[in-house]
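Working through the structure, step by step
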Amino acid sequence: MPGLPFDLDALHVRVFEAYTDVNGKLVLGLPKGDKKRTLDLVPVLVDELRVHVEGKPAAALVFTAATGGTIRQTNWNKRVSHPAGKLAGLYLDDDGETELTVHDLRHTFASLCASAGISSRYIAEWMGHASTAITESVYIDLFPKDLEAHAALLGAAMSNGSK
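The model shown is predicted, which means the values in this text are computed figures rather than measured ones.

A look at unusual backbone geometry
- The phi angle at Leu11 is positive, at roughly 60°, despite the residue not being glycine.
- Tracing the sequence through the fold places Leu11 in the loop between strand 1 (6–7) and strand 2 (12–15).
- Relative accessible area serves as the criterion here: at 27%, Leu11 is assigned to the partly exposed category.
- In this model, Asn23 sits at a positive phi of 55°, which is unusual for a non-glycine residue.
- In this fold, Asn23 is placed in the loop between strand 3 (18–22) and strand 4 (25–29).
- Among the residues examined, Asn23 registers a relative accessible area of 79% and is labelled exposed.

Written out as structure tokens, the structure is:
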């Protein structure tokens, strides 16, 4: 699919431009940190992505609002993420409104990657962070089961070392 940011056969996506909301207007420019990058795609999602982009012109937006235009974060929150979060019972504020944000999803992604044993260097690359420091200190949360598993590994290593 020439022109699209994907090489689905090689499992890559190129991030070379992004929209930013500047005083209520969407402006197309360089991605976060002014850095273009190529990222690996999760193989299990490629078939769905292939179906999604099939027949789209090379210059078309890959993900769009219902009207076919760009997705605005405020509309996405109001129409998609907040209703989904509320339905799932996640992050409800005192007034019953959902507090789930795109950044919550980024935190979840980073934490699940770390829990799966993926290096924080790779997680930082996927998330567009220049170093692992932000990824590790801000985005990766620890799961109790992981702490228990690491404690068990440490205990096993200590037991083997004393023999």
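Remarks on the sheet that holds strand 2
- What the three strands build is an open sheet, ordered 1-2-5; its pairing is antiparallel. Two strands close off the open sheet at either side, each with one partner strand: strand 1 and strand 5 (37–40).
- Bridge count for strand 1 against strand 2 is two bridges, and the pairing is antiparallel. The residue bridging Phe6 from the neighbouring strand is Val13, located in strand 2.

Some thoughts on the nonpolar core
- With nine residues, the main nonpolar core is built from Phe6, Leu8, Val13, Leu39, Leu41, Val46, Leu49, Val53 and Val62.
- It is helix 1 (residues 43–53) that provides the largest number of residues to this core, a total of three residues.
- Not counting residues within four places of it along the chain, the set of residues in contact with Val13 comprises Pro5, Phe6, Arg37, Thr38, Leu39 and Leu41.
- Counting residues in hydrophobic clusters, the runner-up holds six residues, among them Ala110, Cys113, Met127 and Ile140.

Parameters at a glance
Residues numbered from 1 in each chain as written. Predicted model: local features only at pLDDT ≥ 70, side-chain atom pairs only at ≥ 80, totals over all residues. Heavy atoms only, no water. Helix = DSSP H or I, 4+ residues; strand = E, 2+ residues; numbered from the N terminus. Buried < 20%, exposed > 50% of the residue type's maximum accessible area, 1.4 Å probe, protein only. Pairing = 2+ DSSP bridges. Core = buried A, V, L, I, M, F, W, Y, C linked by side-chain atoms within 4.5 Å. Contact = heavy atoms within 4.5 Å.

In short, shape yes, function no, at least from these values alone.
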